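Results of the structural survey
Letter by letter, the chains look like this.
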Amino acid sequence: MDVGPLVSLNAAYARAIDNEQFEQWPELFHEACLYKVTTAENVAHGLEAGVMYADSRAMLRDRVSALRKANIYERQRYRHIVGLPVVLGERDGAAEVETPFLIVRIMRGGAMDVFATGCYRDKVRPDAVGALRFVERIAVCDGGRFDTLVAIPF
Amino acid sequence: MDIRHTETIPSPIWPEDSVARVPYWVYQDPANYARELSRLFEGPTWNYVCLEADIPNKGDFRTNVVGALPVIVVRDADGAINCFENRCAHRGALIALDDGGNAANNFKCIYHAWSYDLCGNLRGIAFERGINGPDGVVRGGMPRDFKRETFSPRKLRTTTLAGLVFATLSDDTPPIEAYLGAEILGRIRRVLNRPIKVMGRFTQALPNNWKLYVENVKDTYHASLLHLFFGTFRITRLTQGGGVLVSPDGGHHASYTIDKADDRQSTAYRDQGIRTEDKDYTLADPSLLDTVKEFGDDIQLQILSVFPGFILQQIHNCLAVRQVVPCGTDRMELRWTYFGFADDPPEMTTRRLKQQNLVGPAGFVSMEDGCVGGFVQRGIAAAGDQVSVIEMGGDTTESQATRATEASVRGFWKAYRARMGY
C-alpha cells in the first residue's frame, strides 16, 4: 500500500480531533472496528484493557456524545503531531501500519504540555466507495501515567 | 508591608469538635502531610501493595510504595509473601528498579552489589573480606565484627485477603479481619470470591491532596449529581435502593446500589431541575451497559474503601482495585488495576473490556472524579483557615440505608482524627 493515502488519512484524523470536529472522527472507521487507548506496558504483558475501548463505530459516536453532552472537565484541546506511517504487511485485505504520534494538550489556563506520545498500531482497508478507513486503531502510549483525565480521544 | 500572609498561617488545631467540619489546612500543610506519612501510612494501618495474582510464582515481585516508603513485595520459596523496604542497607539506593518481575533467589543492589534474600535479609556484601593485592596481602573489606544480620532493610508484615496483599510497618496493626470488621470483610469476599486475572494497569496523576480523592470515593451524595452517565443510564441514582456501610472506627466503607426496575417513573431529579437528567441522551451502542448479575445478588454497584488508601470497585461487571498514592500536599497518583476472573469466558472478557470505558482516566463515570479534587485544591488556595461542611445526613458516622448522606466521609475524618491525634 502507498504511504500517501495513509498520510492523508492520518492528517484527516488529527485535523478532526484538533479542530474539535469530533463528529467526523468515527466516520474514519469501519462500522465493525476496534479502537483502543492503552500503554506499551500493558501490550508487552498481554493485558487487553484500554482506557478507551470501542468495538463498533456506534461506540465511537457514544464517546463523542459523552464528550459533548455528559462529561464535565476543564476546557482543553489537543495538537496532534503524527509521524510517517510504516506499512508492516497486509493481511485479509487490510494493511498493518504503525505511525508514531505526539499529543500536546492545551489547557484553559494556556499551558501547552506534552500530554502523550506513542504509536498507532493500525489495520486499514478501503470502504465500499474506496475511501481508506480504520478497521483497527490501537493507540499504544509510551508511558502509563495520564495527567488528571483523558477526555478527548488520542 | 503586607502582614496578611504572616498572620494567617493556620495552626494545626481542629477548629470544632465535629466530624462534620474539616479545616482546609489539612489539604495544604506540609507538616501535616509529614505527620500523615508517619502516623497513617507507616503507622498501624494495612496498606494495599499488590494482588496475589501479580506474584504467583517463587521469586515473582512487585515494587510499590506505602505512603512515601518504597517497598518490594515478593513470593518466597515457601509460597509466603514478604514485604520489605526497597532501600539498600548500605547507602540507601533502591534495591529493585522495575515495577515487577522475577528475582530468582535474590535481589542485588546495583550500586555496590550488596544482595538480599527473598525475605529481605542482607546475605552478601561484595569484597566483604577485602581484596588480595599483588603482594598477596588482603586489604580492605568490612570490619570483622560487622554484623550483617543487623543491617537489613525494614521489614513489613504482610497479610492476604481474598487475593489482595496488604502490608504494615507497625507491630500494633490488628489482624486484617479485626481491622476491617465483619461487614466490610463480607463485602470484599462478595466480589473477590475466586481467582482473578489482571486485565490492565493505568496510573492517573491527580492535581490534588490524596484525601480529596478518598473523600470523593466515600461520597455517595455526589455520584448521581456529578456524573451524567450514572443518572441517565440508571447505573445508580439516589432513588434506587442502596445504602452505605461504615465500619465502627469510621475508616472503611462500602456503598452499594440495588438494581430495581420500579424507579423509572421517579421524577425526583427532574423536579429539582438537576443537570444530570437528560432523557434525550441515549447510547448508539447500548452493549456498553449489557450487564449480567455475577455475584448472586441484585447489587449492581459496590464501591468499597479500606483506610487509608485502598478501593475495590464493582460497577456492573467492571472490576478494579485502586491505590491512592500521596505525592506531596497537592499531588497524588491513582493506580488502577482492572481485573476479571480467571475462569471468565471470552464474552465476559469482552463485556468487561467495554464496561471499562466507565472507569479510569477516560471513564465516562470516573473522569469527573479525576478533576474535581483539583477544583477543590485550587478553590481553597486562600482558605486554609476556613472549613468545609459535611453535614448531609446529619453529623454522625453510622451505616445508613440511603446514599443522600455524607456519613462515610465523616467516618473517614473520625478515623483520621483518632489516628492523627487531632
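Note that this is a predicted model, so its numbers are computed, not measured.

**Describing the sheet that holds strand E3 (residues 60–66) of chain B**
Residue and element names in this part refer to chain B. What the seven strands build is an open sheet, ordered E2-E13-E12-E5-E4-E3-E6; its pairing is antiparallel. Taken across any chain shown, the strands that pair with only one partner, and hence form the sheet edges, are strand E2 (47–51) and strand E6 (100–102). Adjacent strand axes in the sheet meet at a mean angle of 30 degrees when their direction is disregarded.

**Thoughts on the pairing of strand E14 (residues 196–206) of chain B**
Along E14 of chain B, nine of the 11 residues are buried, which leaves the element largely enclosed by surrounding structure. For strand E8 (residues 145–147) of chain A and E14 of chain B, the ladder comprises three bridges, and the chain directions are parallel. Opposite phenylalanine 146 of chain A, over in E14 of chain B, you have glutamine 204 of chain B as the bridge partner. Direction of pairing for E14 of chain B relative to strand E20 (residues 332–341) of chain B: antiparallel, over a ladder of 10 bridges. What sits directly across from leucine 206 of chain B, in E20 of chain B, is methionine 332 of chain B.

**Looking at the packing of helix H5 (residues 210–218) of chain B against helix H11 (residues 407–420) of chain B**
Residues and elements named next belong to chain B. One can describe the packing of H5 onto H11 by two numbers: an axis separation of 8 Å at closest approach and a directional angle of 140 degrees. As far as their axial angle goes, H11 and H5 are oblique. Mapping the contact onto sequence places Trp210, Lys211, Val214, Glu215 and Lys218 in H5 and Ser408, Val409, Phe412, Trp413 and Tyr416 in H11. Each residue belonging to the contact of H5 with H11 can be placed in one class, and the counts come to six nonpolar, one polar and three charged.

**Some words on unusual backbone geometry**
Excluding glycine, a negative phi dihedral is what most residues carry, and trans is how most peptide bonds are arranged. With an omega dihedral of 5 degrees, the bond running from phenylalanine 307 of chain B to proline 308 of chain B counts as a cis peptide bond. Its identity as a non-glycine residue notwithstanding, glutamate 20 of chain A has a phi of 60 degrees, on the positive side. Summarising the element assignment, glutamate 20 of chain A is placed in the loop between helix H1 (3–18) and strand E1 (29–39). A positive phi angle, close to 65 degrees, is found at alanine 113 of chain B, a residue other than glycine.

About the criteria used
- Residues numbered from 1 in each chain as written.
- Chains lettered and ligands numbered in written order.
- Predicted model: local features only at pLDDT ≥ 70, side-chain atom pairs only at ≥ 80, totals over all residues.
- Heavy atoms only, no water.
- Pairing = 2+ DSSP bridges.
- Helix = DSSP H or I, 4+ residues; strand = E, 2+ residues; numbered from the N terminus.
- Axes fitted to C-alpha atoms, helices over the stretch in contact; angles between N-to-C directions.
- Buried < 20%, exposed > 50% of the residue type's maximum accessible area, 1.4 Å probe, protein only.
- Parallel < 35°, antiparallel > 145°, perpendicular 65-115°, else oblique.
- Contact = heavy atoms within 4.5 Å.
- Nonpolar A, V, L, I, M, F, W, Y, C, P; charged D, E, K, R; others polar.

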